Amino acid sequence: MSCLNKVFLVTGSTDGIGLHTAQRLAREGATVLVHGRSEARVQQAVQQVQEAGASAGGTARGFTEDLASLEGVRRLADSVVKDSPRIDVLINNAGVYEKGLRKSQVGAASLQHPFPSVTATLWDVQDGFELTWAVNVAAPFLLTACLLPAVTERVVNVASISAASSIDFGNLQQERGYSAHDAYSLSKLADILFTFELADRLARAGSAVTCNCLDPGTVNTKMLAAGWGNIGIRLQDANNEFQVATDPALAAVSAAYFVGGRRTRAPSCCNDAAMRRRLWGVLEEQTGAVWSV
């Protein structure tokens with residue numbers, strides 16, 4: 001698809017792969033809605049994206065909300081729709097890999113932690129979710145539900161080759177045997193399950209909107225360094241996300257998982273329709289999301 005006169009929302013686009021993708025889109029003439037949780041970093045990223053798109057007519061506008069909060073997700077959706085009633089492509093890029101507490105939340109979390117024995121976990125103290133689940137799963141589920149009526153072409157979810165192979169519905173918040181890696185892997189499996197279920201619902205509703213997910217690559221970002229070390233490729237070469245969001249050959253492709261730019265088999269449990277529907281129901285209950293499909 002041509003990016004000219006198209007509107008892309010890229011969550012978590014103040015640095016890393018999100019910023020790189022936003023800059024690439026702007027270089028192709030897109031309008032990019034940049035999102036982050038720090039106003040200063042959003043403003044800086046907007047400037048960087050606008051500079052990248054200057055010669056092609058690409059532009060950027062910024063939105064600041066913390067996706068760890070369901071209320072923050074709803075505020076972001078409201079602000080985006082007021083700014084741009086049409087969103088051609090929604091890219092749910094924002095994600096976290098957390099080993100411990102954000103300094104700003106240590107005091108509150110220590111008082112409200114629902115599982116005090118799990119000392120390594122970061123909790124979203126507003127909504128009671130483990131942070132990785134809150135940002136990586138609940139937030140894109142709710143944001144997509146809120147914005148779907150405005151989306152015209154594609155929903156793209158960032159998953160990972162580190163996705164788990166199974167899901168324990170009795171331990172979604174990592175109450176037992178918490179580890180940062182397990183929380184991250186679980187969240188990415190949930191993202192694939194969500195992607196496939198939404199794609200099915202869109203198809204049954206006769207919608208032209210597609211929904212796919214991808215592994216963005218093993219890229220030297222802050223997240224990779226925190227969890228695995230700098231073992232990846234250069235950020236400048238991380239174009240998998242851009243490809244799935246824009247490749248004309250994928251215009252009619254939906255319910256697909258891409259690794260290295262190629263359609264790849266997802267974990268086998270993602271083909272279990274009952275499991276997908278069960279997770280969907282859990283997320284509806286957790287987030288209060290209301291869907292148009």
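Note that the coordinates shown come from a computational prediction; the quantities given were computed from them, not determined experimentally.

Quick look at the sheet that holds strand β7 (residues 151-158)
- Read from one edge to the other, the open sheet built from eight strands follows the order β3-β2-β1-β4-β7-β8-β9-β10, with strand pairing classed as mixed. Single-partner strands in this sheet number two, and they are β3 (59-64) and β10 (262-263).
- Strand direction decides the pairing type here: strand β8 (residues 210-215) and strand β9 (residues 257-259), joined by three bridges, are parallel. From the neighbouring strand, Leu214 faces β9, where its bridge partner is Phe258.
- Its contacts with the sheet place helix α2 (residues 39-53) against β2 (31-36) and β3, and it is angled at close to 170 degrees to β3.
- Strands β1 (7-10), β4 (87-92) and β7 of the sheet are contacted by helix α5 (residues 131-147), whose axis makes an angle of about 175 degrees with β4.

A look at unusual backbone geometry
- Positive phi, normally seen in glycine, also occurs at Gln174, with a value near 60 degrees.
- With respect to the helices and strands, the residue Gln174 is situated in the loop between β7 and α6 (180-204).
- Positive phi outside glycine occurs at Ala255, with the angle close to 60 degrees.
- Inspection of the secondary structure puts Ala255 in the loop between α8 (240-246) and β9.

Here's the deal with the pairing of β1
- Here β1 shows two buried faces, one formed by Val7 and Leu9 and the other by Phe8 and Val10.
- Relative to β2, β1 runs parallel, the two sharing four bridges. By the bridge assignment for β2, Phe8 is matched with Val32.
- Taken together, β1, helix α1 (residues 16-27) and β2 form a β-α-β motif whose crossover is right-handed.
- The sheet contact formed by β1 and β4 spans three bridges and is parallel. Its bridge partner being in β4, Val10 is matched across the sheet by Ile91.

A short note on the pairing of β4
- Taken across its six residues, β4 has six buried, putting it largely inside the fold.
- Pairing of β4 with β7, which is carried by five bridges, proceeds in the parallel orientation. Residue pairing across strands places Leu90 opposite Val155, the latter belonging to β7.

A look at the packing of aromatic side chains
- In total, this model carries seven aromatic pairs according to the counting rule given.
- Arranged with centres 6.0 Å apart and planes meeting at 45 degrees, the rings of Phe194 and Trp280 form a pair that is tilted. Of this pair, Phe194 sits in helix α6 while Trp280 sits in helix α9 (residues 273-287), and the two are 86 residues apart along the sequence. Here Phe194 and Trp280 have matching classes, each one buried.
- Aromatic ring contacts, followed pair by pair, group Phe141, Phe194, Trp280 and Trp291 into a single cluster.
- For Arg24, the ring lying beneath its charged end belongs to Phe242, and the centroid distance is 4.0 Å.

Criteria and cut-off values
- Residues numbered from 1 in each chain as written.
- Predicted model: local features only at pLDDT ≥ 70, side-chain atom pairs only at ≥ 80, totals over all residues.
- Heavy atoms only, no water.
- Pairing = 2+ DSSP bridges.
- Helix = DSSP H or I, 4+ residues; strand = E, 2+ residues; numbered from the N terminus.
- Contact = heavy atoms within 4.5 Å.
- Axes fitted to C-alpha atoms, helices over the stretch in contact; angles between N-to-C directions.
- Buried < 20%, exposed > 50% of the residue type's maximum accessible area, 1.4 Å probe, protein only.
- Right-handed = clockwise from strand over helix to strand, strands pointing away.
- Phe/Tyr/Trp six-rings, centres within 6.5 Å; stacked < 30°, edge-to-face > 60°.
- Lys NZ or Arg CZ within 6 Å of the ring centre and 35° of its normal.

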